[in-house]
Amino acid sequence: TDNRRELFEESRDEIANYCLGDDDTPGFDPDEVAEMKQAGYSDSEIARLEHELLYERNTDWIPKLEELLRHDGVFIAVGADHTRGTAGIIRMLAARGYTVQRFGDPGFTSVR
């Protein structure tokens, strides 16, 4: 990115929302959508990109994450959007029987 301050602020806000339990609104935020539209993307292209970048990636990751979680002492880091919503990896892992616990430290979740 050409604006590190903006990236820092967006990341801080995403982590804060996650820590507060605001897990239900993954995807592009209104500012990102406006920038994409200004750059010439259509609504359908934006929706397709969001689906590919979040939901398809999350679905693809689950078997890979399960393989990693078979080992002790594993640390997995993903972007905040991949943790949120019904198609986020946290709920997907919980649906597969994993116990998911949010810790007090910002952005840290344990999966067992």
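Below or above, wherever it landed, is the structure these notes cover. Worth saying up front: this structure is predicted, and the values here are computed from it rather than measured.

For the rest of this paragraph, the subject is the nonpolar core. If you look at the biggest cluster of nonpolar residues, it comprises 6 residues: I62, L65, I89, M92, L93 and Y98. Elements that contribute at least two residues to this core include exactly α3 (43–69) and α4 (89–95). No other element matches the 3 residues that α4 contributes to this core. Not counting residues within four places of it along the chain, the set of residues in contact with I62 comprises I89, M92, L93 and R96.

So, about the environment of E66. Tracing the chain through its elements places E66 in helix α3. On the basis of relative accessible area, E66 is assigned to the buried category, the value being 13%. Separated by 30 residues in the primary sequence, E66 and R96 place their C-alpha atoms 9.5 Å from one another.

What follows covers the pattern of salt bridges. Under the defined criterion, the tally for this structure stands at 7 salt bridges. Residue R5 is joined to E9 by a salt bridge in which the shortest nitrogen-to-oxygen separation is 3.2 Å. On the criterion of helical spacing, the pair formed by R5 and E9 is a turn pair, its members being 4 residues apart in helix α1 (residues 4–19). On the basis of relative accessible area, R5 is assigned to the exposed category, the value being 52%. Residues R84 and D81 are paired through a salt bridge, measuring 3.5 Å at the closest nitrogen-oxygen approach. Side by side, R84 and D81 carry an identical accessibility label, which is buried.

Quick notes on the rules
Per-chain numbering applies: the sequence of each chain, read as written, is numbered from 1 onward. For this predicted model, a pLDDT threshold of at least 70 governs which residues receive local features, and a threshold of 80 or more governs which side-chain atom pairs are given and counted, while totals over whole chains, interfaces and linings are taken from all residues. No hydrogens and no water enter the side-chain calculation; it runs on all heavy atoms of the structure. Grouping buried Ala, Val, Leu, Ile, Met, Phe, Trp, Tyr and Cys residues that are joined through side-chain atoms within 4.5 Å yields what is termed a nonpolar core. Buried, partly exposed and exposed residues are distinguished by accessible area as a fraction of the type maximum, computed with a 1.4 Å probe on protein chains only: under 20%, between the cut-offs, and over 50%, respectively. The helix and strand labels rest on DSSP assignments: H or I over at least four residues marks a helix, E over at least two residues marks a strand, and numbering proceeds from the N terminus. By definition in these notes, contact holds between two residues if any of their heavy atoms fall within 4.5 Å. Salt bridges are defined as contacts in which a side-chain nitrogen from Lys or Arg sits within 4 Å of a carboxyl oxygen from Asp or Glu.

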